Amino acid sequence: MSDMTRDSAVEGLHRALANQVESGAVPGLVWLVAHAGEVYSGSAGVLGLDTSRPVTRRSIFRISSTSKPITAACAMTLVDDGVIGLDDPVTGLLPELSERVVLAVPGGPLDDTVPAVRDITLRDLLTFRLGLGDDFTGNPQPAMELAASLGLPIGPPRPAAYPNQDEYLRILGSVPLEYQPGAHWLYHVGADVAGVLIGRACGTSFGTALHERVLGPLGMTDTRFFVPGDDLDRIGAAYWAPDGERVLFDPPAGQWSAPPPFEGGGAGLVSTVDDLLAFAEMLRDGGRRGDVRVLSPEAVAEMTTDHLTAEQRATGPGGDEAGLGWGLGMAVQVDEVPTRSIGGFGWDGGLGTTWSVDPHRDLIAILLTNEAWSSPEPPAVHQDFLRWAVRLTGDEDGRSE
């Protein structure tokens, strides 16, 4: 790809995203693309509708579910260190999840249960097959509804609304599983439980373990569970449109401005494009970034390999259309699509983030916005971004060779 063609693609990418801001699709955004040893970045818009502060490369965003791969990586450091095996029961560290019962019929009566056929394992947590979680197909979920009535929030992340880690797990352990361990893919809960496990295994808070094992070694200094006062001018408001009209979801000095009672491994982190680049480069390069090794190549292979059956993929991330499987804490591409090659991996955040790694194209693409998704389908700004990022590699038709 010639320098002129590459410059044209970068300019086209920047213009396409700036147009999305000017059209009112999102108030502000920052993007970063890394390809073949080069890094390109740009930003547009403002941190909030009530401020003229522009979004910059240093701006901090709520990354919601893009937290999940980072949590999984931290859990895999425990596997590398021999603290727990992927297929070991978690009940030694999480006794609240011992002796589980399971709904006799998924979606059926809460008082009609059978014993779990086996204990929940760490692999179950990270592949989202522990038996509890959000069902993307919209099937009835009486156990999750019961957990919500007992104090576990559902829906968009609200860190301040959660109980502490021990109370969270006590409530979760008081409701039956909706499926047998390993049988069905259900979203989100496994990552939050993994965060509790990591903290207990390390004898610290989850946040401390995450900093010591992943964030600190990678220099991810802006990735954490809250934004301290000195940095609040770098994070703006977050917006969403639950009824089709944009409203404020969280102000700058909102739920991410103080340490939360629950450090959620599923959706609790804030971050920047450069921090997420460091994390992506580590996984792309087999567990190390420069001279710093965070994970073994074997751990990265587990994270980036699809663990689902064909039946689980059909009701899992993206359904039949997206061609996605699930590794550990993130999606894995199992069918070719224009914006990601087979073997690519990543995950989005419902508060407005995209994080994608395509090793075949040597492409890392990160987009952070302050507008939440209004449906499971990626908004146009995210789709435009990924298409232009692929074009920057010289793949004009959006398909790898």
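Model, not experiment: these values are computed from the prediction. (Residues numbered from 1 in each chain as written. Predicted model: local features only at pLDDT ≥ 70, side-chain atom pairs only at ≥ 80, totals over all residues. Heavy atoms only, no water.)

**Focus: the overall build of the chain**
Let me state the cut-off plainly: Per the convention used, a helix needs a DSSP run of H or I reaching at least four residues, while a strand needs a run of E reaching at least two, with both numbered from the N terminus. Contacts are assigned to residue pairs with any non-hydrogen atoms lying within 4.5 Å of each other. We score Asp and Glu as negative and Lys and Arg as positive, and we do not count His or the chain ends. Taken as the charge location is NZ of Lys, CZ of Arg, CG of Asp or CD of Glu.
Looking only at helices and strands, the chain features 11 helices and 15 strands. If you take every contact in the chain between residues at least 6 apart in sequence, the share linking residues at least 24 apart comes to 67%. Once the 28 positive and 55 negative side-chain charges of the chain are each reduced to a mean point, those two points are 4 Å apart.

**Observations regarding the packing of aromatic side chains**
Put simply, the rule is: In summary, the pairing rule links any two rings of Phe, Tyr or Trp, Trp by its six-membered ring, whose centres are within 6.5 Å, and it sorts them by plane angle into stacked for under 30 degrees, edge-to-face for over 60 and tilted for everything else. Each residue is assigned to one of three classes by its accessible area relative to the maximum for its type, calculated with a 1.4 Å probe on protein chains only: buried under 20%, partly exposed between the two thresholds, exposed over 50%. Whether a charge sits over a ring depends on NZ of Lys or CZ of Arg being within 6 Å of the ring centre and within 35 degrees of the ring normal.
Under the defined criterion, the tally for this structure stands at 16 aromatic pairs. Pairing Trp-240 with Phe-249 gives two aromatic rings, centres 5.2 Å apart and planes at 70°, and the pair type is edge-to-face. Since its relative accessible area comes to 21%, Trp-240 is described here as partly exposed. Put simply, the rings of Phe-128, Phe-136, Trp-185, Tyr-187, Trp-326 and Trp-347 pair up and form one aromatic cluster. Looking at Arg-391, its charged tip hangs above the ring of Trp-388, at a distance of 4.4 Å from the centre.

**Details of the environment of Asp-291**
Tracing the backbone through its elements, the reader meets Asp-291 in the loop between β9 (288-289) and β10 (292-293). By relative accessible area, Asp-291 is classed as exposed at 75%. Separated by 118 residues in sequence, Asp-291 and Gly-173 have C-alpha atoms that sit 42 Å apart.

**Examining the packing of helix α2 (residues 67-80) against helix α7 (residues 206-218)**
For clarity, the threshold we go by: Interaxial angle, 0 to 180 degrees, is taken between N-to-C directions of lines fitted to C-alpha atoms, where a helix line uses only the stretch in contact. Angles are sorted into four bins: roughly parallel if under 35 degrees, roughly antiparallel if over 145, roughly perpendicular if 65 to 115, and oblique for all others. By the convention adopted, Pro, Cys, Tyr, Trp, Phe, Met, Ile, Leu, Val and Ala count as nonpolar, Lys, Arg, Asp and Glu as charged, and the other residues, Gly among them, as polar.
As a packed pair, α2 and α7 sit with axes 10 Å apart at the nearest point and diverge in direction by 80°. Classified by the interaxial angle, the pair formed by α2 and α7 is roughly perpendicular. Across the interface between the two elements, Ile-70, Thr-71, Ala-73, Cys-74, Thr-77 and Leu-78 of α2 pack against Phe-206, Ala-209, Leu-210, Arg-213, Val-214 and Leu-215 of α7. For the contact of α2 with α7, a count of residues per class yields nine nonpolar, two polar and one charged.

**Describing unusual backbone geometry**
Not every positive phi belongs to a glycine, and Ala-36 is a case in point at roughly 50°. Along the polypeptide, Ala-36 turns up in the loop between β1 (28-35) and β2 (38-45). Positive phi is not limited to glycine here, since His-188 has a value of about 85°. Along the chain, His-188 falls in the loop between α5 (165-173) and α6 (189-202).

**A word on the pairing of β2**
Cut-off, in case you're wondering: When DSSP locates at least two bridges between a pair of strands, those strands are taken to pair.
One ladder, built from eight bridges, connects β1 with β2; its direction is antiparallel. Considered in β2, the bridge of Gly-28 is made with Gly-45. The loop that links β1 with its antiparallel partner β2 comprises two residues; one of these, Ala-36, has a positive phi angle of about 50°.

**Points about the pattern of salt bridges**
Rules: One side-chain nitrogen of Lys or Arg within 4 Å of one carboxyl oxygen of Asp or Glu is enough to make a salt bridge.
One pass over the full model with this rule turns up 22 salt bridges. Overlapping salt bridges bring together Asp-222, Arg-224, Asp-231 and Arg-234 as one network.

**Regarding the packing of α6 against α7**
Relative to each other, α6 and α7 sit at 80°, their axes nearing to 8 Å. One element, α6, and the other, α7, form an angle in the roughly perpendicular class. Between α6 and α7, the residues in contact are Gly-195, Ile-198, Gly-199 and Cys-202 and Phe-206, Ala-209 and Arg-213, respectively. Broken down by class, the residue content of the contact of α6 with α7 amounts to four nonpolar, two polar and one charged.

**Some remarks on the nonpolar core**
Note the threshold: Take the buried residues of types Ala, Val, Leu, Ile, Met, Phe, Trp, Tyr and Cys, join any two whose side-chain atoms come within 4.5 Å, and each joined set is a nonpolar core.
Membership of the largest hydrophobic core comes to 84 residues, with the highest contact counts inside it found for Ile-70, Tyr-168, Val-193, Phe-279, Leu-283, Leu-295 and Trp-355. The element best represented in this core is helix α8 (residues 273-284), accounting for eight residues. Aside from chain neighbours lying at most four places away, what touches Leu-295 is Ala-73, Met-76, Thr-77, Asp-80, Met-282, Leu-283, Gly-286, Gly-287, Val-300 and Met-303. Judged by nonpolar contacts, the second largest core, of 21 residues, contains Val-10, Leu-363, Ala-365 and Phe-385.

**Some thoughts on α6**
It helps to recall that an α-helix has 3.6 residues per turn; residues three or four apart then point in one direction. Put simply, the rule reads: A helix is expected to span 1.5 Å multiplied by its residue count minus one.
Between its first and last C-alpha, α6 extends 20 Å over 14 residues, near the 20 Å set by a 1.5 Å rise per residue. For α6, a buried count of 11 out of 14 residues is recorded, marking the element as mostly surrounded by other parts of the structure. For α6, the set of buried residues is Val-189, Gly-190, Ala-191, Asp-192, Val-193, Ala-194, Gly-195, Val-196, Leu-197, Ile-198 and Gly-199. Packed against the buried residues of α6 are α2, α3 (122-126), α4 (142-149), α5 and α7. Of the residues one or two after α6, Gly-203 is the one with positive phi, at around 70°.

**A closer look at the environment of Pro-95**
Mapped onto the elements of the fold, Pro-95 is located in the loop between α2 and β4 (101-103). Here Pro-95 falls in the partly exposed class, since its relative accessible area comes to 48%. In this structure, the C-alpha to C-alpha distance between Pro-95 and Arg-170, residues 75 residues apart in sequence, is 9.4 Å.

**Some details on the sheet that holds strand β11 (residues 324-326)**
Strands belonging to one sheet form pairs held by backbone hydrogen bonds; the direction of such a pair is parallel or antiparallel. Across the sheet, seven strands lie side by side as β2-β1-β15-β14-β13-β12-β11; this open sheet has antiparallel pairing. Here the strands that pair on one side only, and so sit at the sheet edges, are β2 and β11. Running over the sheet, α8 touches β1, β2, β13 (345-346), β14 (353-358) and β15 (363-369) and is turned about 150° from β15.

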